[in-house]
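Overview (structure and organization)
Listed below, chain by chain, are the residues.
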Amino acid sequence: MAAFHLRNFGVLAVRRSLNLGLNISCKRSVRSIRMENGNNCNLMGASNESRGALVVFEGLDRSGKTSQCGKLLSYLEGLGHSVELWRFPDRTTSVGQMISAYLTNKSQLDDHTIHLLFSANRWEKRSMMEAKLKAGTTLIVDRYSYSGVAFSSAKGLDFEWCKAPENGLIAPDLVVYLDIPPEKAAERGGYGGERYEQLEFQKKVAQHYKLLEDSSWKMIDASQCIEDVEKQVEEIVLEHVVTCQKGKPLSSLWSC
Ligand SMILES: Nc1ncnc2c1ncn2[C@@H]1O[C@H](COP(=O)(O)OP(=O)(O)O)[C@@H](O)[C@H]1O
Ligand SMILES: Cc1cn([C@H]2C[C@H](O)[C@@H](COP(=O)(O)OP(=O)(O)O)O2)c(=O)[nH]c1=O
């Protein structure tokens, strides 16, 4: 009887928190839900527990991600939230150091190999990510799986092949896409010497990013001044932090 109540409560919590018009696929034990867009969304763990939000920033090089992540961190901390700033690639791990050597042209790697290293760099942080979110810490993440797919597929690798190794990573609650014309991004402070910082390549990346847009994305015009972008980011993010505090279940890529 107790188990029945618990499951039932889980169903109600899912209905309330997702607010997206969905069909529960299994009422006895909520494992997946069907979204309006027809995709299945795999849920992980109990659905009614308060948790932190996974907020990902994506965009071209120089779109303003690092600036906005820093500002958002201060804003949420100022409101008393538990929050951490992460970034991918995480160059501090041994995998991350191989990635860094590649990006700075100190090593050469086959395109498939570097793609899998970027993905491995996310997988090595996955369990820590889940633990932090479940402990109530909101994670602001500068680049995630969308960068992985957009950059590698822009080189000509098969789009679905690029998505496959990301399957099972934690799905962001919100992807803030800082949208900027590649030419305008290139004007900002100039590109450094890293491998992908070339206008023609960034144009291709922008096209591939757009193929990844789903209901978790919010597009923000990143050509606006820093303060205007900042205000819009704060509003959107706060809404998602509150939803996660109320018990929105975690889900995994690429199911939503
Ligand atoms: N909205 C903006 N308007 C003008 N310049 C910006 C804006 N956002 C960031 N910048 C500047 O552009 C450069 C790149 O910003 P950064 O946050 O490092 O981008 P990213 O992390 O996406 O590469 C920095 O010199 C930063 O000060
Ligand atoms: C996370 C990630 C980044 N990248 C690319 C995007 C960037 O050009 C580069 C390094 O990312 P980053 O250090 O975030 O660069 P920036 O601050 O200029 O945005 O690695 C991939 O190709 N695949 C990935 O999975």
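Anything mentioned here points back to the structure above.
What comes next is a walk through the structure. (Residues numbered from 1 in each chain as written. Chains lettered and ligands numbered in written order. Predicted model: local features only at pLDDT ≥ 70, side-chain atom pairs only at ≥ 80, totals over all residues. Heavy atoms only, no water.)

All right, on to the packing of helix H5 (residues 145-154) against helix H8 (residues 199-210) then. Put simply, H5 and H8 touch, their axes get as near as 8 Å, and they point 125° apart. In this view, H5 runs oblique relative to H8, as classed from their interaxial angle. Note on packing geometry: the crossing formed by H5 with H8 is right-handed. For the pair H5 and H8, the contacting residues are Tyr 146, Ser 147, Ala 150, Phe 151, Ser 153 and Ala 154 in the first and Phe 201, Gln 202, Lys 204, Val 205, His 208 and Tyr 209 in the second. Split into classes, the residues belonging to the contact of H5 with H8 amount to 7 nonpolar, 4 polar and 1 charged. (Axes fitted to C-alpha atoms, helices over the stretch in contact; angles between N-to-C directions. Helix = DSSP H or I, 4+ residues; strand = E, 2+ residues; numbered from the N terminus. Parallel < 35°, antiparallel > 145°, perpendicular 65-115°, else oblique. Left-handed = near helix turned anticlockwise from the far one by under 90°. Contact = heavy atoms within 4.5 Å. Nonpolar A, V, L, I, M, F, W, Y, C, P; charged D, E, K, R; others polar.)

Turning our eyes to something else, we now look at unusual backbone geometry. Here the amide bond leading from Phe 88 into Pro 89 is cis, since omega sits at 0°, within 30 degrees of zero. The omega torsion of the bond from Leu 253 to Trp 254 falls at -10°, within 30 degrees of zero and hence cis. In this structure, Asn 105 takes a positive phi of about 60° despite not being glycine. With respect to the helices, strands and loops of the structure, Asn 105 is situated in the loop between helix H3 (94-103) and helix H4 (111-134). Residue classification places Asn 105 among the partly exposed residues on the basis of a relative accessible area of 39%. (Buried < 20%, exposed > 50% of the residue type's maximum accessible area, 1.4 Å probe, protein only.)

Take the pattern of salt bridges next. Close approach of charged atoms allows side chains of opposite charge to pair. Tallied over the entire structure, the rule returns 16 salt bridges. With a shortest N-O distance of 2.8 Å, Arg 51 and Asp 173 are connected by a salt bridge. Separated by 122 residues along the polypeptide, Arg 51 in the loop between strand S3 (40-44) and strand S4 (54-59) and Asp 173 in the loop between helix H6 (159-163) and strand S7 (174-179) bring together distant segments of the chain. Salt-bridge contacts for Glu 130 lead to Arg 126; the nearest nitrogen and oxygen are separated by 2.8 Å. (Salt bridge = Lys/Arg side-chain N within 4 Å of Asp/Glu carboxyl O.)

What follows is about the environment of Gln 232. Within the secondary structure, Gln 232 is located in helix H9 (residues 226-245). Gln 232 gets classed as partly exposed once you look at its relative accessible area, which sits at 32%. Each C-alpha atom of the pair Gln 232 and Arg 91 lies 29 Å from the other, and the pair is 141 residues apart in sequence. Contact partners of Gln 232, with chain neighbours within four places excluded, come to Ile 220 and Gln 224.

On to the sheet that holds strand S6 (residues 138-142), then. Spatially, 5 strands are ordered S5-S6-S4-S7-S8 in an open sheet, and the strand pairing comes out parallel. Here the strands that pair on one side only, and so sit at the sheet edges, are strand S5 (83-87) and strand S8 (217-221). Between one strand axis and the next, the sheet turns through 20° on average, direction left out of account. Of the strand pairs in this sheet, S7 and S8 are connected by 5 bridges, and their pairing is parallel. Residue pairing across strands places Val 175 opposite Trp 217, the latter belonging to S8. Running over the sheet, H5 touches S4, S7 and S8 and is turned about 25° from S4. (Pairing = 2+ DSSP bridges.)

On to the site of ligand 2. The immediate surroundings of ligand 2 are formed by 16 residues, with Asp 61, Arg 91, Arg 122, Arg 143 and Gly 148 found nearest. One of the side-chain N or O atoms of Arg 122 is found 2.8 Å from an oxygen atom in ligand 2. When ligand 2 is considered free in solution it has 550 Å² of accessible area, and contact with the protein chains removes 93% of it. With 3 residues, the single largest contributor to the shell around ligand 2 is H5. (Near = heavy atom within 4 Å. Polar contact = N/O pair within 3.5 Å; in protein donor to acceptor, adjacent residues only side chain to side chain. Areas by Shrake-Rupley, 256 points an atom, 1.4 Å probe, with all protein chains shown as cover.)

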